[in-house]
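So you can see what is in the structure, the chains are spelled out below.
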Amino acid sequence: MLLPSFYDFCCRVKTISGNKALEKIPALLAGMNAYRPLIITDKGVASAGLVDVVKKAMENKLKIGAVYDDVPMDSDYKIVNDAVRVYRQKGCDSIIAIGGGSVIDTAKGVNIVASLGGDNLLDYEGYGAVKRKLKPFVVVPTTAGTGSEMTLVAVITDPDRKIKMNFVSYFLLPDLAVLDPRMTRTLPAFLTASTAMDAMTHACEAYFCIEKNPISDSFAFRAITMISENLLNVVKNPGNLNGRLALANASTMAGAAFSNSMVGMVHNLGHTVGALCHVPHGVAMSIFLPYGLEYNLHRSADIIGEILFPLAGPEVYASTRKKHRAERVIELIRKLNQDLHDATGGKHPRFLKEIYDRNGSPVVPQSMLPVIAQAIMLDGARLTNPEELLPEDARMVLEHAWEGTPLDRKKIKKGGRKVKY
Amino acid sequence: MLIPDYYQFLIHPKIISGKCSLENIPSELNGYDAQKPLVITGKNIMERGLVKKFIKAFYDSTVTLGGIFDEVRDYAGISLARDAAFLYKERGCDSIIALGNGTVVDLAKAVNVLVSEKIDNLSAYHEGASISRQLKPLIIVPACRSNGMEATNVMTIDNRRITADFLYPDVIVIDPRMTPGCCPECVAESGVIALTHAFAALTDEAHNPMTAAVAHPALSYLSEYLPKGVTRPKNKDASIALANASVLAASAYSNTRPGMADLLAEELSIITGISVGKYMRILLPSLIADMQKKKIKISDELFLSLVGMEAYAATPVQERPQKGLDAAMKLINSLKGLLPKSLEQLKIQKYKLAEVARVAAERSAERFTDADCRTVLEQAWEGSAV
Amino acid sequence: MNINKYPEIQPGKKLIKRIYVAVFMWFFARAIQAAAKVDEEVKKEVETIPANFTLRLIVNPEKAFPLFFYAKMLPRFIVDKGILLYGLQMIMGKDKKGKFRYQGSDPRGKKINLSMAFTSLEAAMMVFTFRESLCTGYAHSRFVVEGDLPFAQSIMRIMDLTAVFLLPKIVAKLVVKRYPKWSEMSPLRKYLNRVLVYLRMFTV
């Protein structure tokens, strides 16, 4: 196994997983001297009845301080301040976040202000503002994809200044991540597909980007195995709870991997397309993943080739010749996208031109591609990609991803030395 | 991949490994708002000149070392911990760095409890009270001989164990300037302990994907670098890899139940005072031989971790678990004559084995029977599997 | 117990490395300033940065070295008040006319938009002696970027291009991810700009 010349790894989140994991929350919170949590969630999660599932699981053993369910699509610092007010009014002593990325980010913000005092999140802006242990914080993810429960970053917007603030500290990591298949059971098939592909992208990018390290590799390896073994099955049989549990596990493990080894151009393109055209994150990830692999192929072919093992199993790995493995990985990811497309009745898009909004109009018009290509320079994931990515390169990739054709390998610019890990 | 019906997993420490990583300590301390660490280290480390190199890493920072307490030898006791705690308070320190392994780390953990809880003995915890508060930041810098417990949530003071999640170190810094081994025996012993821990984590029926993910790199590094490490203990690559393996195996181990070899080695070590590593060297091969004879079903993760993807994929499915045991056996026997090969050589009286087997079986919570433990011990006494 | 047996240890200083980093930063800042004047591509990147944007490169910890005695050992032209009071810093900013200029090492009275802070002097040495490229350094957490993150990419690109102009190919290849081919950057442009950058560094 590769021994990098330097690496750091930190993932101090206690993970509990299982079909009855929710029932363990009260005892574990009591171990941290917390008895009255504030539940933070959004309207969608609440109306799907998931909050009730959690409440029922913790019945009689824990008194819930309050439920705050006003979190919008993009976490906003005013919402954070509002939630802190509720937290204090109801005398809570810990936080449980139930939901996806924005809920978890909001809850991280609430934890900062609730623990460190004050009444405004903006007071804690900037790197290194949080320097001590915060209140007990439990995350119950409901999407099996974002992996936010394992990251140390909270992205919270300031609508007045129109910026996204990053709060970064190891103390933002939750104390507990609870993976229970009951939380993802009602997720519709096409969302299951795109969120799982999001996790798949985290794992693949963690595996081949420049900050890879032995532990994140090993986590990513298992995440890819679990997703490729279970995804299609779960999309076809939504009630498959063991498969759901495997996907939840995979998502968390991929989260642990990518939060330590960073992501590359797939996220760079995905973030940009998301910001400019409002393409859902998971969808963008599944479309760009094969292109990301293809673009970096000449830089780290042997490492991308190793992905074939978890993706297709040892038998296929053994029967494929070494120099063809990386190609096979790309082929299989494309095939997976195609299979998901078929299994969801066309709801899982394969190319950019296949994404439609509710009114049926295309989300990414071809005329936007040059603008998107220029805007990739605003995202940090560009740095950790093995190969250099400049606007003209991005435009070439985007055009192929829009049409749905494989990259023209001759157009990829080469000229770097071997990647040093 | 099999996912158990329920599991818990935590790997608390931040691991920093590689070139120039000692220099990260000041910024890590700064992240905890700490300025003045107390350094706890051993006499042998002082003598090997590692402390000087360590101090150099703090040049050009704002961190003042509150003192270098270098009185630790092979035994960690409460009176020594009290001395160090006194020094900590006198100097107004706010964090602890343990430079070294085994007893040094145990002592550092004890000092941390003393100064954070403001008490002067640990009897309350020996009697079952739990540590339920955040302790001061504790940074560990491993040097050579490891007892496999540094990265775990366990401390052993006066030969008594205390376990609590708050005892996990906060940061582990593995730097090539500190890790090179002092002698082949040391390297072999630490390697065997790591191997036994990782082996226990992967052969446990209830292992989960996360423990497997942590034990995997540990075993890969061991199988790649242990033979090289024992022949060339000063080799930087090998020593870094083995130190990583040690930390990872310990992390996996603290998330699983101890295996039979661990339990027996610990019991023997308590009776005789000889380090667990020597016993593990003898016990693990006999355990493996026993498992092979009984054809116990284990997961094929062991094989994958030890031999890598290529060889794993080239082996037929049904042979993989057994080949995993073979590979583990081969790895441990690559140590050849470095450590004693039978309990007889270590002068253990045969009549004592029955008692050891009984206690170990009791501690295993009915996973192993008395008879199983006896068989393994008797084989180890003769050293026939080695 | 005699606590005097275990004396307190104050951190020492690595003088030569500090001087190297100080000199390197000065040259580097001047080179970026020159490249922004000379090369079209760098100019284009600079244009994407908003006016009054200030960048700071710093070796942590700040204020650790308000040292007067080592100032004597530095070349005269590098020494300014900032370096004496605030340690190793390099501040660059875009002024109202749109010029990207080196502004010394005194952070007082300036609003820093983007800060790149090396975690330690050793970390800075890793990058400044080309043992690690800027990207590898970032991946190995040798420095922390904070502030207006969107513009960090442009700054990195400017630094990469400057490195291509300043350094011979064999060294520059260690620093940048992809060394530009002839089709991307004609040798004429590269060598001409190299000469111009070096000239401007020392004269203007």
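Residues numbered from 1 in each chain as written. Chains lettered and ligands numbered in written order. Predicted model: local features only at pLDDT ≥ 70, side-chain atom pairs only at ≥ 80, totals over all residues. Heavy atoms only, no water.

Comments concerning the overall build of chain A
Then, number 1: When helices and strands are counted, chain A shows 16 helices and eight strands.
Then, number 2: By the compact-globule yardstick of 22 Å for 421 residues, chain A fits well, its C-alpha radius of gyration being 21 Å.
Then, number 3: Within the span of chain A, comprising 421 residues, buried residues form 63% of the whole.
Then, number 4: Of the contacts formed within chain A by residues at least 6 apart in sequence, a portion of 77% connects residues at least 24 apart.
Then, number 5: Total accessible area computed for chain A in this model is approximately 14,600 Å², and 53% of it derives from carbon and sulfur atoms.
Then, number 6: For chain A, the distance from the average site of its 50 positive side-chain charges to the average site of its 43 negative ones is 4 Å. (Helix = DSSP H or I, 4+ residues; strand = E, 2+ residues; numbered from the N terminus. Rg over C-alpha atoms; globule rule 2.2 N^0.38 Å. Buried < 20%, exposed > 50% of the residue type's maximum accessible area, 1.4 Å probe, protein only. Contact = heavy atoms within 4.5 Å. Areas by Shrake-Rupley, 256 points an atom, 1.4 Å probe, with all protein chains shown as cover. Lys, Arg positive; Asp, Glu negative; His and termini not counted. Charge placed at Lys NZ, Arg CZ, Asp CG, Glu CD.)

Thoughts on the overall build of chain B
Then, number 1: When you go through chain B residue by residue, the secondary structure sums to 15 helices and eight strands.
Then, number 2: Taking all 386 residues of chain B together, 65% fall into the buried category.
Then, number 3: Long-range pairs, those at least 24 residues apart, make up 79% of the contacts in chain B with a sequence separation of at least 6.
Then, number 4: Computing the positive centroid from 43 side-chain charges and the negative centroid from 44, chain B places the two 5 Å apart.

Observations concerning the interface of chain C and chain A
How big an interface is tends to be expressed through the accessible area that disappears when the partners come together.
Then, number 1: Chain C puts 25 residues into the contact, and the matching count from chain A is 30 residues.
Then, number 2: Overall, the association of chain C and chain A removes approximately 2,600 Å² of surface from exposure, summing both partners, and the carbon and sulfur fraction of that is 52%.
Then, number 3: Broken down residue by residue, the surface that chain C buries against chain A is led by C:Gln153, C:Lys177 and C:Arg178, which jointly contribute 33%.
Then, number 4: Taken together, the links from chain C to chain A amount to three salt bridges.
Then, number 5: Measuring nitrogen to oxygen at the nearest pair gives 2.9 Å for the salt bridge that ties C:Arg178 to A:Asp393.
Then, number 6: Our enumeration of links across chain C and chain A arrives at nine residue pairs in polar contact (both at pLDDT 80 or more).
Then, number 7: Counting only elements with at least two residues in the side of chain C that touches chain A, the list comes to α5 (134-139), β5 (143-147), α6 (152-166) and α7 (169-175) of chain C.
Then, number 8: Per-element tally for the side of chain C that touches chain A: the top contributor is α6(C), with five residues. (Buried area = accessible area lost by both parts, 1.4 Å probe. Salt bridge = Lys/Arg side-chain N within 4 Å of Asp/Glu carboxyl O. Polar contact = N/O pair within 3.5 Å; in protein donor to acceptor, adjacent residues only side chain to side chain.)

Quick word on the nonpolar core
Then, number 1: By size, the foremost hydrophobic cluster in this structure holds 274 residues, and its most contacted members are A:Phe219, A:Leu352, A:Val364, B:Ile40, B:Leu122, B:Leu283 and B:Leu343.
Then, number 2: Excluding its chain neighbours within four sequence positions, the residues that come into contact with B:Ile40 are B:Phe69, B:Val72, B:Ala84, B:Ile96, B:Ile97, B:Ala98, B:Leu99, B:Val104, B:Leu107, B:Ala108 and B:Val111.
Then, number 3: One finds A:Val71, A:Ile79, A:Val113 and B:Ala34 within the second-largest nonpolar core, a separate group that totals 60 residues. (Core = buried A, V, L, I, M, F, W, Y, C linked by side-chain atoms within 4.5 Å.)

Quick word on the domain arrangement of chain A
Residue and element names in this part refer to chain A.
Then, number 1: The domain boundaries assigned to chain A delineate domain 1 (14-183) and domain 2 (189-411).
Then, number 2: For domain 1 versus domain 2, the distance between C-alpha centres works out to 28 Å.
Then, number 3: On the side of domain 2, 18 residues touch domain 1, which itself brings 15 residues to the contact.
Then, number 4: Between domain 1 and domain 2, a total of about 1,300 Å² is buried, with carbon and sulfur atoms accounting for 63% of that surface.
Then, number 5: Per-residue buried area on domain 1 facing domain 2 is highest for Ala 144, Met 150 and Pro 181; these three make up 35% of the total on that side.
Then, number 6: Seen at the junction of domain 1 and domain 2, the total is zero salt bridges.
Then, number 7: On inspection of domain 1 and its partner domain 2, the count reaches five residue pairs in polar contact (both at pLDDT 80 or more).
Then, number 8: Tallied by class, the residues present in the side of domain 1 that touches domain 2 amount to five nonpolar, nine polar and one charged. (Domains from an automatic or database assignment. Nonpolar A, V, L, I, M, F, W, Y, C, P; charged D, E, K, R; others polar.)

Some thoughts on the packing of aromatic side chains
Then, number 1: Applying the stated criterion across every chain yields a total of 19 aromatic pairs over all chains.
Then, number 2: The ring of A:Tyr207 carries the charged tip of A:Lys212 above its face, separated from the ring centre by 4.2 Å.
Then, number 3: Of note, C:Arg142 hangs over the ring of A:Phe6, and the distance from its end group to the ring centre comes to 4.3 Å. (Phe/Tyr/Trp six-rings, centres within 6.5 Å; stacked < 30°, edge-to-face > 60°. Lys NZ or Arg CZ within 6 Å of the ring centre and 35° of its normal.)

Here we look at the side chain of B:Asn235
Then, number 1: Within the fold, B:Asn235 resides in the loop between α8 (209-231) and α9 (236-253).
Then, number 2: At a separation of 3.0 Å, a polar atom in the side chain of B:Asn235 contacts the main-chain amide nitrogen of B:Asp237.

Looking at a nonpolar patch on the surface
All names here are of chain C.
Then, number 1: A surface patch of nonpolar side chains, about 350 Å² in accessible area, is lined by Leu 192, Val 195, Leu 196 and Leu 199.
Then, number 2: Within the secondary structure, Leu 196 sits in helix α8 (residues 187-203).
Then, number 3: By relative accessible area, Leu 196 is classed as partly exposed at 33%. (Patch = residues over 30% accessible without salt bridge, like charges linked within 9 Å, V, L, I, M, F, W, Y side chains within 5 Å.)

Focus on the interface of chain B and chain A
Then, number 1: Listed as interface residues are 53 residues of chain B and, on the opposing side, 50 residues of chain A.
Then, number 2: Along the contact surface separating chain B from chain A lie six salt bridges.
Then, number 3: Close ionic contact of A:Arg325 with B:Glu310 constitutes a salt bridge, the shortest N to O distance being 2.8 Å.
Then, number 4: Applying the counting criterion to the chain B and chain A interface returns 23 residue pairs in polar contact (both at pLDDT 80 or more).
Then, number 5: Of all elements in the fold, only β1 (6-18), α1 (25-31), α8, α9 and α12 (301-313) of chain B reach the threshold of two or more residues within the side of chain B that touches chain A.
Then, number 6: For the side of chain B that touches chain A, the class distribution of residues is 29 nonpolar, 13 polar and eleven charged.

Some details on the sheet that holds strand β4 (residues 94-99) of chain A
Then, number 1: With mixed pairing, twelve strands are arranged side by side in an open sheet as β3(A)-β2(A)-β4(A)-β5(A)-β8(A)-β1(A)-β1(B)-β8(B)-β5(B)-β4(B)-β2(B)-β3(B). Each of the sheet's edge strands pairs with one partner strand only, and the pair in question is β3 (66-68) of chain A together with β3 (68-72) of chain B. Going from strand to strand, the sheet's axes swing by 25° on average, the running direction of each strand aside.
Then, number 2: Pairing of strand β2 (residues 37-40) of chain A with β3(A) involves three bridges; the strand directions are parallel. Bridged to A:Leu38 within β3(A) is A:Ala66.
Then, number 3: Across the sheet, helix α4 (residues 77-89) of chain A lies against β2, β3 and β4 of chain A, angled at about 170° from β3(A), the strand it touches most.
Then, number 4: Along the sheet, α8(B) makes contact with β1 (6-18) of chain A together with β1 of chain B, crossing β1(B) at roughly 25°. (Pairing = 2+ DSSP bridges. Axes fitted to C-alpha atoms, helices over the stretch in contact; angles between N-to-C directions.)

Thoughts on a positive patch on the surface
Then, number 1: On the surface, B:Arg48, B:Lys53, B:Lys234 and B:Lys236 cluster together into a patch of positive charge.
Then, number 2: Locating B:Arg48 in the fold gives a position in the loop between α2 (43-47) and α3 (50-56).

Details of the sheet that holds strand β2 (residues 89-94) of chain C
All names here are of chain C.
Then, number 1: Read from one edge to the other, the open sheet built from five strands follows the order β3-β2-β1-β4-β5, with strand pairing classed as mixed. Two strands close off the open sheet at either side, each with one partner strand: β3 (100-102) and β5. Each adjacent strand pair in this sheet contributes to an overall mean axis angle of 15°, direction not counted.
Then, number 2: The sheet contact formed by β2 and β3 spans three bridges and is antiparallel. Considered in β3, the bridge of Gly 93 is made with Arg 101.
Then, number 3: With respect to the sheet, helix α4 (residues 121-128) is in contact with β1 (54-59) and β4 (114-118), its orientation differing from that of β4 by roughly 100°.

Topic: the pairing of strand β4 (residues 95-99) of chain B
Within a regular strand, side chains alternate between the sheet's two faces.
Residues and elements named next belong to chain B.
Then, number 1: Counting buried positions along β4 yields five of five residues, so the element is predominantly enclosed.
Then, number 2: By the alternation rule, side chains of β4 split into Ser 95, Ile 97 and Leu 99 and Ile 96 and Ala 98, which are all buried.
Then, number 3: Relative to β4, strand β2 (residues 37-42) is paired through five bridges, and the arrangement is parallel. Bridge pairing links Val 39 to Ile 97 in β4.
Then, number 4: Looking at chain direction, β4 and strand β5 (residues 138-141) are connected through four bridges and run parallel. The partner of Ala 98 across the bridge, within β5, is Ile 140.

Focus: the pattern of salt bridges
Then, number 1: One pass over the structure, following the stated rule, counts 57 salt bridges over all chains.
Then, number 2: Of the charged contacts, one joins B:Arg374 and B:Glu378 as a salt bridge, the two residues approaching to 3.5 Å between their closest N and O atoms. Of the two residues, B:Arg374 and B:Glu378 are both situated in helix α15 (residues 370-382); the distance of four residues between them amounts to about one turn of the helix.
Then, number 3: Among the residues examined, B:Arg374 registers a relative accessible area of 34% and is labelled partly exposed.
Then, number 4: Through salt bridges with shared partners, one network takes in A:Arg299, A:Glu387, A:Glu392, A:Asp393, A:Lys413 and C:Arg178.

Description of the packing of α12(B) against helix α13 (residues 320-333) of chain B
Residue and element names in this part refer to chain B.
Then, number 1: As a packed pair, α12 and α13 sit with axes 9 Å apart at the nearest point and diverge in direction by 115°. By the angle between their axes, α12 is roughly perpendicular relative to α13. Handedness of the crossing formed by α12 with α13: right-handed. When α12 is examined against α13, the residues Leu 302, Phe 303, Leu 306, Val 307, Tyr 312 and Ala 313 are found in contact with a partner set consisting of Arg 320, Lys 323, Gly 324, Leu 325, Ala 327, Ala 328 and Leu 331.
Then, number 2: When the residues that make up the contact of α12 with α13 are grouped by side-chain class, the tally is ten nonpolar, one polar and two charged. (Parallel < 35°, antiparallel > 145°, perpendicular 65-115°, else oblique. Left-handed = near helix turned anticlockwise from the far one by under 90°.)

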